[in-house]
Amino acid sequence: MDSATVTVTDGLAVLTLNRPQAANALDLPLKTALLDGVRAIAADDTVRAVLIRAEGRNFCVGQDLGEHADALGTAPDRAMDTVAEHYNPLISGIAGLEVPVVAAVQGACVGAGLGLALAADVVVAAESASFATAFTAIGLASDSGLTRTLVDAIGAVRTRAFILLGTKISAAQALDWGLIAQVAADDEAAATAEAVARRLAAGPTAAFAAVKSLVAASLPPLDDALERERAAAGPLATTSDHRGAVEAFLAKRRPEFTGR
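Residues numbered from 1 in each chain as written. Predicted model: local features only at pLDDT ≥ 70, side-chain atom pairs only at ≥ 80, totals over all residues. Heavy atoms only, no water.

Bringing the sheet that holds strand β3 (residues 49–54) into the picture now. The 6 strands are arranged β1-β2-β3-β4-β6-β9 in an open sheet whose pairing can be described as mixed. Each edge of the sheet is formed by a strand with only one pairing partner; in this case those strands are β1 (4–9) and β9 (182–184). Each strand axis lies, on average, 20° off the axis of its neighbour in the sheet, ignoring direction. Two strands pair when backbone bridges link them, and β3 and strand β4 (residues 101–105) are joined in this way by 3 bridges, in the parallel orientation. Across the sheet, Leu51 pairs through a bridge with Val102, a residue of β4. (Pairing = 2+ DSSP bridges. Helix = DSSP H or I, 4+ residues; strand = E, 2+ residues; numbered from the N terminus. Axes fitted to C-alpha atoms, helices over the stretch in contact; angles between N-to-C directions.)

Printed below as a string of structure tokens:
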């Protein structure tokens, strides 16, 4: 079974996360498949809009920590290489698409999964969806562009609190904050997001590209934020706090931080 799939119909490319048994946690096959999918979409001149969706109850719970724990155990100095190799080009690739991108979010949208959703232009969430950063819970800062996309969406004050405290927010609160564009009933959310994406696919493609370019030009460069996050990730991955927190998460116990 493919970890991620791409289908194109009537100008709409649908990129689907397909690891529902693991809440679409981002392991190497899924990250690679998503990156390949985004690159294929970018190269397809028949695509006029993109829908990012996920199979199962959850959109994406972020990095697969089992895989990450293995990396910490075998090559801790390279455990965060995935940020540069996968996350940064994936987020940059989605945000850099000239066509509109819609994300359909259900269930948990956490960590790099949140970064993936916020790389889209329009986020449609199910009523029961929830959003969280979760990085500080395991002794990390953030990645996947969140220090730029969150500040852009909700401002610096809320971003600091959201990341520092690791707060989980509901779809209603995310809408109130301006983090997402629309909330739909759970049984209607997928269809609503697809309808939005198909409306965009039938729209003025050149005008949409211009809108995306003009808005991007008014914001700090996303690639700069991605690079700063990458530079911070490596040293944090070697801390005792991070190693201990990952072990605690996998053992389903509360981590204890020492500041080292």
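In this section: the packing of helix α5 (residues 146–165) against helix α9 (residues 222–237). When two helices pack together, you describe them by how their axes are tilted relative to each other and by the distance separating the axes. Between α5 and α9, the shortest axis-to-axis distance is 8 Å and the interhelical angle comes to 130°. It follows that α5 is oblique to α9 by the angle criterion. Contact with α5, carried on its side by Leu146, Thr147, Arg148 and Thr149, involves Leu222, Ala225 and Glu229 of α9 and no other residues of that element. The residue makeup of the contact of α5 with α9, split by class, is 3 nonpolar, 2 polar and 2 charged. (Parallel < 35°, antiparallel > 145°, perpendicular 65-115°, else oblique. Contact = heavy atoms within 4.5 Å. Nonpolar A, V, L, I, M, F, W, Y, C, P; charged D, E, K, R; others polar.)

What follows is about the pairing of β1. Of the strand pairs in this sheet, β1 and strand β2 (residues 12–17) are connected by 6 bridges, and their pairing is antiparallel. When the bridges of β2 are listed, Thr5 appears paired with Thr16. Taken together, β1 and the strand that follows it, β2, pair antiparallel across an intervening segment of 2 residues, in which Asp10 is found at a positive phi of about 50°.

In this section: the environment of Leu30. One can find Leu30 in helix α1 (residues 28–43). The spacing of Leu30 and Val105 is 75 residues in sequence and 17 Å in space, taken between C-alpha atoms. Setting aside residues up to four positions removed in sequence, Leu30 forms contacts with Ser3, Ala4, Leu17, Arg19, Asn24 and Ala25.

Attention now moves to unusual backbone geometry. What is expected of a backbone is that most residues other than glycine have negative phi and most peptide bonds are trans. A positive phi angle, near 55°, is found at Asn24, a position not held by glycine. By secondary structure assignment, the location of Asn24 is in the loop between β2 and α1. A relative accessible area of 0% means that Asn24 is categorised as buried. Phi at Ala134 is positive, roughly 75°, even though this residue is not glycine. Assignment of secondary structure puts Ala134 in the loop between β7 (130–132) and α5. (Buried < 20%, exposed > 50% of the residue type's maximum accessible area, 1.4 Å probe, protein only.)

Note that all results are geometric; they support no functional claim without further evidence.
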